[in-house]
Amino acid sequence: MTIKKMSFIIILFLMFITGLRLTWLNVQKQDALPEIVDGTLNLKEFQVSDHHTIPLNGEWAFFPNQFIHNDKEHTNSKGLKKMFLKVPGDWNNAFKKRNSNFKYGTYRLTILLGKNKDQTFKLRIININRASTLYVNGRPIKGAGNPSTQSKTYQARNLPYTVTIPSGHDKMTIDIQVSNQTGEGGITEPIRLGTPKAINYWGTLSTSMQVALCIIFFIHGLYAIMLYCFGIRNKGLIYFSLLIFSAVLSVLVEDDKLLFVWLPMSYPLSMRITFLSYISVVAFIPLILKQLYPDFKDQKLIHWFSVYCLAEVLFILFAPVQMILLIKKELLLVLWFSIFISVYILKKASIKRDDSIFLILGVSSIGVNIFWSIWKFNAYSYESVYYPFDLMIAVFCFAGFWFKRYVRTNNQTKRIAERLQKVNQQKDDFLVNTSHELRNPLHGIMNITQNVLENKNGELSKEYTEKLKVQLTVAKRMALLLDDLIDVTRLQEKTIQLHIKNVKVQSIVGSIFEMLQYMLEGKPITLSINIPEDFPAVKADEKRLIQIMFNLLHNAVKFTDEGEISVSAEVINETAHIHIMDTGIGMDSEMQSKIFLPYEQADSNRTKVVGGFGLGLSICKQYVELHGGTLNVKSTPGEGSLFTFTLSLSEDAEQETENYDLKKSAKKSVAVSKELEMAPAQITSTFEKKPSLLVVDDDPLNQQVLINVFDPKYYEILAVSSANQAIDRIDSKHFDLVISDVMMPNISGYELTRKIRERFSISELPILLLTARNRLEDIGVGFQAGANDYVAKPVDSWELKARVNALIQLKQSIEEHQRIEAAWLQAQIKPHFLYNTMNSIAALGTMDIEKMQRLIEEFSHYLRMSYDFHNSDRMVPIDRELALVRSYLFIEKERFGERINVEWNVDPNLHFLLPPLIIQPLVENAVKHGVLKTTQGGTINICIENGLKEIKISIKDSGVGMTREVLQRIQEKSFNKDGGIGLQNTNRRLKQFYGKGLEVRSIPNQGTTVSFCIPNKE
């Protein structure tokens, strides 16, 4: 459906329901109604009709804090306060003490009947808050609750009631005594006057409309429950039925309050039921929409909304009624929350226009109903009769949405089932054909590698031997995966033939452990074989048993980050029970029920583990059953899993012909948590110093492949298996580049990139991401996280080396630029500094030749060191840096005399390296912007503290200091460049070298301390 067509339908729909409403109102319309003025209604010449009622709206007389009920009492009593209030309306403005919760008073209306004195009348009272008694000509007629002048004897009860007024009087005086405690009080809805026939007609019509709406709602609620019971297990149906029943309840407690008329109950209970019905209606709407659009992923929003609704329900159930009424507006905030969440869900969810038209029409109908309810028939010439059709139409629209979706889904299911059967067969054929095509070259690689390893003529270095072993292990793993792909189809076609013989389980496990060792490197896992050497042989197909054991152990390694994986066996009832136990992430009962199904895998969002076909466990189970055994699992989330399968024992285990190396295969423990040996590879020789690489990948084989790309002659490389380990390494060591896999457990490569970018900019520590997902969306996420570049898997070594080379050269050129910038800025000595220093020299030449010569020496030393080419070095000795500082301070002290005092707290035997031009700009900043800003000058303290792990360097001055606002602005934005080379360059270079920049503390009028720390490498 096009947007134009949808808009046309919506416009027609709005015109229809608006026209229906206007027609309904036109039927009730009255002309030339008399008005109430100063508490009097003149009906002397008004023709009362049996078809309409008269709304008693206008200015009633009101006596606050007084109960009266006849004219005589009013005439004879002095001091009674009389005023006029608009009815219907709130009475709070009539009371001086508005803070008092308990209020009472009397409404009075005088009706002049004239020619209508012989007519019998009825009054219809809809809503008076919250207790009232009605008097006519001084006689009590009827009421609701017990109005009183004291809160102790006051009893609330607010129900509609009708009273009959006898004929025979020229004038009718109506007194209504009203009491209220907490909330809006007084006459809040129109009181209707009319003949008994008119009052009965409109009252019956209003009640009938409400009952009809409740019946329609109730039927739709029953439909939803029936659909759920008949097999459509959708929670949305339950929520829909609860919403409908809540809507029925809200209709029965509003307007004519039919529920409380039919089932009399206490006022507190009626108020609790009323508020609960409103909250229930709005609480279930977001839950229904969430079930209609399961692609909406923000579960936390729905969760907290449900918690908020539950909190309101508990408050209404247990809080005092006065407190509920006092904060009823706050309680109804749930309505706005529900509207916001519902709109948010509809905005985020993917919805078809053909379906959305029903929801839009339903929502439009409800919106029109709310609009007319707010308007509330401001023209009181209309009868206040309940109008149900907007809500009826809304329910029919929502029902249409459900039925349209059900019919479409049913048709789609039929088409998808047919297509899936065809695609499933095509998939099986494709997997078999692909597996066969891959097996030949793979086995060729395995054979060539094995021949090279077994070649006795050529001597291979230990390094290349290890590389070939890794290659062979990877090939064997791939061969087993290809076997799984081929076997899944053969198992479906039941063409597998077993070659049963006597097999020692110990030797099978030992050989698989050797195959898995490279997978375990980097993980703190211990593999243990707890099978006795004299454990009898079993009857099995050796090839299939290897496949079973490999898949089970591979699964255990995949979902275990640390701990132990053990294999044990025992004989029970002449049957071998073999157990594979791990301390991994475990499984819940739902996952256990489907783990043996084909292509079924654990949720990668929960396990943070991806990869594989999801066929291993399914094939294991089928192979075990072909052997006549069983395979089952016991698991607890967070504690690990235990897989157990059974095989028949050999009839004559002692006569086996196979020769097993039991000593090798029955090892009790295989520790595999040792550090990876860094096997580097060549990239380039253009770098002056070996760049340092950090490789982050949870798969040890991938680590080994990456390590083998780079040559150790030109690179230092370190591999870790998790993002947390990478963060720890970055804290303790300087790296030039991080190479990270994207898909890793617990913390992904994207998240690791974001964490690194919190400390290092894109130029300070480049990051290269490796990803098998090379769609534009995935690449974009990597760059947004802060990556510099990416390489798609499978990795091409030439491309990887080229990109790594480019990133490191870029990083080193930026570092070189910053060092040159520091040296250049230092060389840019300001003219006024030269001018003032030369003036000082000239002045001393006439007074003190010795001081002049000393100043010239220090000045020449300062200039020589400022222009020294060593300023562009990566590191310089601390003595050289301090020499520059001493020359600078000597010159400034000669210029400003006693205004500058210098204190040195430096160990002369302390020797270490640091980046050049780090301390001098901090001292210059302390002089110019600290002590010299004060009239009397101040002291500069230069302190170097030698700690066990760090050397702390601090420059403290007793100058003007900075306010907290200025200090915060400096830290949030950037350091000032006004003095010397500027603090920004210094702070940036410290972060590059040590991961931490400058720390600044300052107190106004007391001074500033700037410090930084460097690692102590002694």
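Refer to the structure presented above.
About the cut-offs
- Residues numbered from 1 in each chain as written.
- Predicted model: local features only at pLDDT ≥ 70, side-chain atom pairs only at ≥ 80, totals over all residues.
- Heavy atoms only, no water.
- Helix = DSSP H or I, 4+ residues; strand = E, 2+ residues; numbered from the N terminus.
- Buried < 20%, exposed > 50% of the residue type's maximum accessible area, 1.4 Å probe, protein only.
- Areas by Shrake-Rupley, 256 points an atom, 1.4 Å probe, with all protein chains shown as cover.
- Salt bridge = Lys/Arg side-chain N within 4 Å of Asp/Glu carboxyl O.
- Axes fitted to C-alpha atoms, helices over the stretch in contact; angles between N-to-C directions.
- Parallel < 35°, antiparallel > 145°, perpendicular 65-115°, else oblique.
- Left-handed = near helix turned anticlockwise from the far one by under 90°.
- Contact = heavy atoms within 4.5 Å.
- Nonpolar A, V, L, I, M, F, W, Y, C, P; charged D, E, K, R; others polar.
- Pairing = 2+ DSSP bridges.
- Core = buried A, V, L, I, M, F, W, Y, C linked by side-chain atoms within 4.5 Å.
- Expected span 1.5 Å × (residues − 1).
- Phe/Tyr/Trp six-rings, centres within 6.5 Å; stacked < 30°, edge-to-face > 60°.

Caption draft 1: Up close: the overall build of the chain. For the chain, the count of helices and strands is 30 helices and 34 strands. Counting across all 1018 residues of the chain, residues that qualify as buried make up 47%. Accessible surface for the chain amounts to roughly 52,100 Å². Of this, 55% is attributable to carbon and sulfur atoms.

Caption draft 2: Spatial organisation of the pattern of salt bridges. Within the structure shown, the criterion is met by eleven salt bridges. Residue Asp-170 is joined to Lys-117 by a salt bridge in which the shortest nitrogen-to-oxygen separation is 3.7 Å. You can see Asp-170 sitting in the loop between β11 (161-165) and β12 (171-181) and its partner Lys-117 sitting in the loop between β6 (102-112) and β7 (121-125), a full 53 residues away along the chain. Ionic pairing is found between Arg-124 and Asp-256, a salt bridge with its closest N-O pair at 3.5 Å. Of the two residues, Arg-124 sits in strand β7 while Asp-256 sits in the loop between α4 (235-253) and α5 (258-262), which places them 132 residues apart along the sequence. Looking at Asp-256, the relative accessible area reads 7%, which means it is buried.

Caption draft 3: A look at the packing of helix α13 (residues 462-493) against helix α20 (residues 700-709). At their nearest, the axes of α13 and α20 sit 11 Å apart, and the two run at 140° to each other. Classed by the angle they form, the pair α13 and α20 counts as oblique. Crossing of α13 over α20 shows left-handed handedness. Contacts between α13 and α20 involve Lys-467, Val-470, Val-474 and Arg-477 from the former and Leu-701, Gln-704 and Asn-708 from the latter. Classifying every residue of the contact of α13 with α20 gives three nonpolar, two polar and two charged.

Caption draft 4: Representation of the sheet that holds strand β14 (residues 192-194) within the structure. Reading across from one edge, β3-β14-β7-β11 is the order of the four strands in this open sheet, with antiparallel pairing throughout. Each edge of the open sheet carries a strand with a single partner, namely β3 (54-55) and β11. When β7 meets β11, the two strands line up antiparallel, connected through five bridges. Bridged to Leu-123 within β11 is Val-163.

Caption draft 5: Representation of the nonpolar core in the model. Membership of the largest hydrophobic core comes to 75 residues, with the highest contact counts inside it found for Trp-24, Phe-217, Leu-292, Tyr-293, Ile-316 and Ile-345. Ranked by residues supplied to this core, first place goes to helix α6 (residues 267-292) with 14 residues. Within the second largest apolar cluster, 55 residues are counted, among which are Ala-479, Ile-525, Phe-535 and Ala-576.

Caption draft 6: Focus on helix α3 (residues 196-229). Compared with the 50 Å implied by 1.5 Å per residue over 34 residues, the 49 Å span of α3 between its first and last C-alpha is a close match. Of the residues one or two after α3, Gly-231 is the one with positive phi, at around 125°.

Caption draft 7: The arrangement of the packing of aromatic side chains in detail. Applying the stated criterion to the full structure yields 20 aromatic pairs. When the centroid spacing of 5.7 Å and the interplanar angle of 75° are considered together, the rings of Trp-24 and Phe-389 count as edge-to-face. Pair noted here: Trp-24 is in helix α1 (residues 3-28) and Phe-389 is in helix α12 (residues 389-454), with a separation of 365 residues, a long-range link. Accessibility expressed as a relative area gives 17% for Trp-24, which makes it buried.

Caption draft 8: Looking closely at the pairing of strand β20 (residues 631-636). The alternating pattern of β20 places Leu-631, Val-633 and Ser-635 on a buried face and Asn-632, Lys-634 and Thr-636 on a face that is not buried. Pairing analysis gives six bridges linking β20 to strand β21 (residues 640-648), with the strands arranged antiparallel. Paired with Asn-632 across the bridge in β21 is Thr-644.

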